[in-house]
Amino acid sequence: MPEGFPGMAKPTILIVEDEAPLLTLLRYNLEKQGFRVEEATDGQEALLRVAENKPDLVLLDWMLPSLSGIEVCRQIRRRPATRDLPVIMVTARTEDQDAVRALDIGADDYITKPFAVEALLARIRALLRRSGTVPTKGTLTFLDLSMDQDAHRVVRNGRALHLGPTEYRLLEFFLMHPGRVFSREQMLDAVWGRDIHVEPRTVDVHIRRLRKAINAEGEVDIIRTVRSAGYALDREEV
């Protein structure tokens, strides 16, 4: 059983990778940790696998035959049944703009080759925790927004909100500390974890996605930007 998931069914990881040696390495290490592993070697096969038997998380290579990882991620996010499915991009592309593009498309995390297997496993475990694989208890509220942590459900003004795993965890963190301003570094430590290296600009990408998800037309933006300081769950003073 993977660390951090005692007493639960094995989470399923879909590896989408066309390099056979890396695929074998990933399968070996994931199964050693107790995960159930599925494989796909091209983009089209990946989408079929996801549709047939939705995994708990996808490890997605960028450069794939038939359909790129970016397009696979885009299609996963377009489908209602999989729009909240955790996706980690695994790629040899190392430019900052590539990471930003992947996050903007909808990836929850981004790791470049070569990478330490332990670092990848830590990211997988963290993302599965944030995705609701391990439920927590309680209801958090702020103004007209509420989060049912048992049901992993967020509602604002009577409508259900659909959040990705990272946006859910980010909102949960804000709801636990309403009105308090947090720097990007503080949010990275709290939401992503101290043992995972993520660029501060990643926070801005996820804040944009969170705002888009929770703020409907005509509603007050409850994520406040504080110049040179960070962000807070608050309403702008008028």
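As a starting point, this report considers the structure included with it. Here the structure is a predicted model, which is why all the values come from computation and not from measurement.

Each value, and the rule that gives it
- Residues numbered from 1 in each chain as written.
- Predicted model: local features only at pLDDT ≥ 70, side-chain atom pairs only at ≥ 80, totals over all residues.
- Heavy atoms only, no water.
- Core = buried A, V, L, I, M, F, W, Y, C linked by side-chain atoms within 4.5 Å.
- Buried < 20%, exposed > 50% of the residue type's maximum accessible area, 1.4 Å probe, protein only.
- Helix = DSSP H or I, 4+ residues; strand = E, 2+ residues; numbered from the N terminus.
- Contact = heavy atoms within 4.5 Å.
- Expected span 1.5 Å × (residues − 1).
- Axes fitted to C-alpha atoms, helices over the stretch in contact; angles between N-to-C directions.
- Parallel < 35°, antiparallel > 145°, perpendicular 65-115°, else oblique.
- Left-handed = near helix turned anticlockwise from the far one by under 90°.
- Pairing = 2+ DSSP bridges.
- Nonpolar A, V, L, I, M, F, W, Y, C, P; charged D, E, K, R; others polar.

Details of the nonpolar core
Core analysis: the biggest nonpolar cluster contains 26 residues, and Leu-171, Phe-174 and Ile-214 have the highest contact counts within it. The set of elements that each furnish at least two residues to this core consists of strand E6 (139–142), strand E7 (145–148), helix H6 (165–176), helix H7 (184–192), helix H8 (201–214) and strand E11 (230–233). Broken down by element, the residue count for this core peaks at six residues, all from H6. Those residues within four positions of Leu-171 in sequence are excluded, and the remaining contacts are Leu-145, Met-147, Val-154, Leu-163, Leu-210 and Ile-214.

Observations regarding H8
Three- or four-residue spacings in an α-helix give side chains the same orientation, since the helix completes a turn every 3.6 residues. Between its terminal C-alpha atoms H8 stretches 20 Å, which fits the 20 Å expected from 14 residues at 1.5 Å a residue. Among all positions of H8, only Thr-202, Val-203, Asp-204, Val-205, His-206, Ile-207, Arg-209, Leu-210 and Ile-214 are buried.

Some details on the packing of H6 against H7
The axes of two packed helices give the description: the angle between them and the distance between them. Axis separation between H6 and H7 bottoms out at 10 Å; the angle between their running directions is 115°. On the basis of their axis angle, the class for H6 and H7 is roughly perpendicular. Like other packed secondary-structure pairs, H6 and H7 cross with a definite hand, here right-handed. Seen from H6, the contacting residues are Thr-166, Arg-169, Leu-170, Phe-173 and Phe-174; seen from H7, they are Met-187, Ala-190, Val-191 and Trp-192.

What about the sheet that holds strand E3 (residues 57–61)?
Strand order in the open sheet made by the five strands is E2-E1-E3-E4-E5, with parallel pairing throughout. At either end of the open sheet lies a strand with only one pairing partner, and these are strand E2 (36–40) and strand E5 (109–112). Adjacent strand axes in the sheet meet at a mean angle of 20° when their direction is disregarded. Note: strand E4 (residues 87–91) against E5, four bridges, orientation parallel. Note on E5: the bridge partner recorded for Met-89 is Tyr-110.

Thoughts on the packing of helix H1 (residues 20–32) against helix H5 (residues 117–130)
Where H1 contacts H5, the two axes come as close as 11 Å, and the packing angle between them is 60°. With respect to H5, the axis of H1 lies oblique. Crossing of H1 over H5 shows right-handed handedness. Between H1 and H5, the contacting residues are Leu-25, Leu-26, Asn-29 and Leu-30 on the first element and Val-117, Leu-120, Leu-121 and Ile-124 on the second. Split by residue class, the contact of H1 with H5 holds seven nonpolar, one polar and no charged.

A closer look at the sheet that holds strand E8 (residues 153–156)
Hydrogen bonds between backbone groups are what pair the strands of a sheet, and the pairing can be parallel or antiparallel. Read across the open sheet, the four strands follow the order E6-E7-E8-E9; overall the sheet is antiparallel. With one partner strand each, in any of the chains shown, E6 and strand E9 (159–161) form the two edges of the open sheet. Adjacent strand axes in the sheet meet at a mean angle of 25° when their direction is disregarded. Summarising the sheet, E6 and E7 pair through four bridges and their orientation is antiparallel. Among the inter-strand pairings, Leu-140 is bridged to a residue of E7, identified as Met-147. Most of the contacts of H6 go to E7, to which it runs at about 110°, and overall it touches E6, E7 and E8. In the packing of H8 onto the sheet, contacts are made with E7, E8 and E9, and the angle to E9 comes to roughly 165°.

From the geometry alone we can't say anything about function, so treat these as descriptive.
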